Amino acid sequence: MHIHLKKDWQLPESAVTSESAYRLRPRRDFLKTLGWGAMGAALLRTKGWGALTGFPAQDNPAYLGAGLKVTPFKLVTSYNNFYEFGTDKGDPKDEANDGWQPEPGWTVEIAGLAANPGKWDVEDLVAKMGGIEQRIYRHRCVEAWSMVVPWDGFPLAKLVAFARPKASARFLKFTSFLDPKHATGQKEGNLEYPYVEGLVISEAMNELAFVATGIFGKPLPNQNGAPLRLVLPWKYGFKGIKSIVRIEFTDKSPFSTWQKMAPDEYGFLANVNPHHDHPRWSQASERIIGGGIFTGRQPTLMFNGYEKQVAAMYKGLDLDKYY
Amino acid sequence: MRWYEKLLRSKAFILTMIVLPGLWPAWPILRQDPTVAADPLKYLLHHFGFVACLLLATVLALTPLRVLFPHAAIALALNRHRRLIGVGAFFYAAIHLTCQFLHEAGWPTFWQDLRKPFLLAGMATFLILALLAVTSPTAVVRWLGGRRWKNLHRLAYLAALLAAYHQAAARKLFPVQVLWIFVPLALLELARVVRQRLTRRQQVLARPAPG
């Protein structure tokens, strides 16, 4: 007998929308792409579609869900905060596809307090994680807007296990790429680069922590953080560092880029918390991307609705103080 | 009179120049630019606020331009339209505020967010512009009397300061746009103050010594 246990972090089916917004059969799409032959594949690569290893994504029956209310692909790939390629939401889709090539030859380094350090070609590393699965998560930006995105990737816990952290390792420090020649925002110096993010090791091992290599069953578009990025659905979007090149296990709490920029506005934890406002705006509710002019706001949930999976990690912690 | 002087003196031309930026958003919305479609209201909110700031800075720049270049035909022609441009700034601020109300989806969030200094500054700017717009018809100017009217309308400088802060705080990072809009105005004002001081001193020196 085959029993489908619905994971409790799956979005409810009350959030169902038109299927046209999201094609449920990415596998077929991908085969079509393959059908174009070697030339088509080469074209995809030069366009920088990211790590192809593991695609098509394994249809995980527990997580695929029947047509959840997913934000249309076009909006997910046109409304991006990726300051390396400009500060306007529309900048990354143009600037990140104008000469910057996250592939081939992208390597990810595992360093620091780990028994299995080294530098891996991104495709090899993804292959070692044992295939790609798909998960649909809410995505809440610190600017008080939200999306729903079907991510393809693997649990971060798998990568932690692969790195074999030493007992003294308490934090993970993630570093993104540095390429001011192609990344216009880095050339301008709108933030301090390379972009850095950090996690407590228990957070990295949480079942929700995810390394995405794709969206909508396709390899990550450049503007979404190709070839691989973090996805932490209970935290604000800026914690989801894009285009990772280095993961270091440390015993000291890393300083994240935004934390350094404005420590009173962006904390290290950056958990979604409707009760702790940004100094300049309320976090109690959020705009829904694609929601239109008159219907675009909903209340923000504690831990972005993932309280059940993550609240235990922060038990007894004053979340107003550690924001 | 040169052709451009004629054009700049024409009320219809200036009105068109004020209305056009308000129609601009129709273009990305109609062609369904996906970045705009993601949250069209936020786009409109930012756009109308931007135009309001631009018009406010423009109208304030006209007086120092006239003082610094008293014989320039362009400066004189533009100075005829101070009221029109100022009221234009108020109208864009009003549309911007309406967008903000829709963006907050009603009173609860609107009031909650209004406690933030950055939004409070925006609201104060709007109230000043509203007061100045209401007192701009000729009849009201007469009723108030020239001096009182002038003193009241000096609030426009406070409005510009508040608007610059409001615009600067509206994004995660400091938007360079604010500098493009308000730094030239600050420089013009500075130059005007220096110029007026010098003129006054010359007038004092030119006065015959008391005998």
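Up top is the structure these notes are about.
Attention in this report is confined to the structure presented alongside it. (Residues numbered from 1 in each chain as written. Chains lettered and ligands numbered in written order. Predicted model: local features only at pLDDT ≥ 70, side-chain atom pairs only at ≥ 80, totals over all residues. Heavy atoms only, no water.)

Now for the overall build of chain B. Scanning chain B from N- to C-terminus turns up 13 helices and zero strands. Over its C-alpha atoms, taken along the principal directions, chain B stretches across nearly 75 × 45 × 40 Å. In chain B, buried positions account for 43% of the 211 residues. When contacts within chain B are restricted to residue pairs at least 6 apart in sequence, those whose partners lie at least 24 apart make up 67%. (Helix = DSSP H or I, 4+ residues; strand = E, 2+ residues; numbered from the N terminus. Buried < 20%, exposed > 50% of the residue type's maximum accessible area, 1.4 Å probe, protein only. Contact = heavy atoms within 4.5 Å.)

Residues and elements named next belong to chain A. Sheet architecture is open: five strands sit in the order β2-β1-β10-β5-β6, paired in mixed fashion. Two strands close off the open sheet at either side, each with one partner strand: β2 (118-121) and β6 (196-200). On average, adjacent strands in this sheet sit at an angle of 20° to one another, irrespective of strand direction. With four bridges joining them, strand β1 (residues 107-112) and strand β10 (residues 244-250) adopt parallel strand pairing. Counted as the bridge partner of A111 is E248 from β10. (Pairing = 2+ DSSP bridges. Axes fitted to C-alpha atoms, helices over the stretch in contact; angles between N-to-C directions.)

Attention now moves to the packing of helix α9 (residues 117-134) of chain B against helix α12 (residues 155-168) of chain B. Residues and elements named next belong to chain B. Two numbers describe how α9 lies on α12: the axes approach to 8 Å, and their chain directions differ by 150°. By the criterion of interaxial angle, the relationship of α9 to α12 is roughly antiparallel. Considering the relative orientation of α9 and α12, their crossing is left-handed. Contact residues: α9 offers P117, F118, L119, A121, G122, A124, T125, I128, L129, L131 and L132, while α12 offers L155, A156, L158, A159, L162, A163, Y165 and H166. In terms of residue class, the contact of α9 with α12 is built from 16 nonpolar, three polar and no charged. (Parallel < 35°, antiparallel > 145°, perpendicular 65-115°, else oblique. Left-handed = near helix turned anticlockwise from the far one by under 90°. Nonpolar A, V, L, I, M, F, W, Y, C, P; charged D, E, K, R; others polar.)

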